[in-house]
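Understanding the architecture of this molecule
Chain by chain, the residues:
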Amino acid sequence: MTTMTIACGLLCTQQPAEAPAPILTAEQAALQRANKRIKTLEGEVEALKKTKAEKPTVKHQTQSKPSKTYEVTAYTNGAESTGKSAGHPDYGVTASGARTKTGHTIACPPSMAFGTRLNIEGIGVRTCEDRGGAITDGHIDLYVAGVGEARSFGRQRLKAEIITK
């Protein structure tokens, strides 16, 4: 053999070509992508399981909001409670500037900000919108529409929890 033939033989050796990828239908290609995604997700799930197993489990305790017992009385817009009669320009206007609303307004001590919402035992949720000369810490005055209702409510010791400040 000539040198040229040997050199050509070394340089020109062909390596077997890779088999061409089969032509897939759109459905087959989508299925192939889905299977790859499933394998990826399975790997992620396993990694999360390992991470979770490594972390100590901490039980979350539901913390109940502390409730406090208040002396609760009731008041009206009238002169017997506010000193204002129906013709007064501030009749029915609270210290915060809002109008009194049945089932909504309470007078609170100065230590509670206007807008503070309390859930009062047996009464429900009320909003601090008013003050009163006799309203000190530990006392709440519940707005009611009529004098008879205020008198029948009387003076009660009820638990209440602050739900928003």
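Residues numbered from 1 in each chain as written. Predicted model: local features only at pLDDT ≥ 70, side-chain atom pairs only at ≥ 80, totals over all residues. Heavy atoms only, no water.

**So, the overall build of the protein chain**
Put simply, the rule is: Each helix is a run of H or I in the DSSP string that is no shorter than four residues. Each strand is a run of E no shorter than two, and both are numbered from the N terminus. Only protein chains enter the accessibility calculation, which uses a 1.4 Å probe. A residue is then buried if its area is under 20% of the maximum for its type, exposed if over 50%, and partly exposed in between. The contact definition used throughout considers only heavy atoms, calling two residues in contact when any of these lie within 4.5 Å. Values of accessible area rely on a 1.4 Å probe in the Shrake-Rupley scheme; residue burial ignores everything except the protein chains shown.
On a plain count of helices and strands, the protein chain comes out with four helices and six strands. Each helix and strand of the protein chain, ordered N terminal to C terminal, gives the series α-α-β-α-β-β-β-β-α-β. Taking all 165 residues of the protein chain together, the buried fraction comes to 23%. A separation of at least 24 residues holds for 63% of the contacts in the protein chain among residues at least 6 apart in sequence. When the accessible area of the protein chain is evaluated, it comes to approximately 12,200 Å², of which 56% is carbon and sulfur surface.

**Quick look at the packing of aromatic side chains**
Counted only if it meets this: Under the pairing criterion, centres of Phe, Tyr and Trp rings, with the six-membered ring standing for Trp, must be within 6.5 Å; the plane angle then separates stacked pairs below 30 degrees from edge-to-face pairs above 60, leaving the rest tilted. Ring-over charges, as used throughout, are those where CZ of Arg or NZ of Lys falls within 6 Å of the ring centre and within 35 degrees of the ring normal.
On inspection of all chains with the given rule, the structure shows one aromatic pair. Look at Tyr-75 and Tyr-143: their rings are 5.6 Å apart centre to centre, the planes differ by 70°, and that puts the pair in the edge-to-face class. Here Tyr-143 lies in strand β5 (residues 139-143) and Tyr-75 lies in strand β1 (residues 67-75), a separation of 68 residues in the sequence. A relative accessible area of 8% means that Tyr-143 is categorised as buried. The residue whose ring lies beneath Arg-131 is Phe-114, and the NZ or CZ to ring-centre distance is 4.2 Å.

**Let's talk about the pairing of strand β6 (residues 156-164)**
Selection criterion: By the convention used here, strands pair only if DSSP detects at least 2 bridges between them.
Relative to β6, β1 runs antiparallel, the two being bridged by six bridges. Across the sheet, residue Lys-68 finds its bridge partner in β6, namely Ala-160. In this sheet, β6 lies alongside strand β3 (residues 117-120) in antiparallel orientation, the contact comprising four bridges. The partner of Arg-117 across the bridge, within β6, is Thr-164.

**A few points about the sheet that holds β1**
Keep this limit in mind: Fitted lines through C-alpha atoms give the axes, limited to the stretch in contact for helices. The angle between two N-to-C directions lies from 0 to 180 degrees.
Taking strand neighbours around the barrel as the criterion, the six strands line up as β1-β5-β2-β4-β3-β6 in a closed arrangement whose pairing is mixed. Each neighbouring strand pair of the sheet contributes to a mean axis angle of 50°, computed without reference to strand direction.

**As for the nonpolar core**
Here is the rule: Here, nonpolar core means buried Ala, Val, Leu, Ile, Met, Phe, Trp, Tyr and Cys residues that are tied together by side-chain atoms lying within 4.5 Å of each other.
Formed by 16 residues in total, the largest nonpolar core has its most connected members in Tyr-70, Val-72, Ile-106 and Leu-118. Secondary-structure elements contributing two or more residues to this core are β1, β3, β5, α4 (147-153) and β6. If you tally residues by element for this core, the top one is β1, at three residues. Contact partners of Leu-118, with chain neighbours within four places excluded, come to Tyr-70, Ile-106, Met-112, Gly-124, Val-125, Arg-126, Ile-140, Ala-160, Glu-161, Ile-162 and Ile-163.

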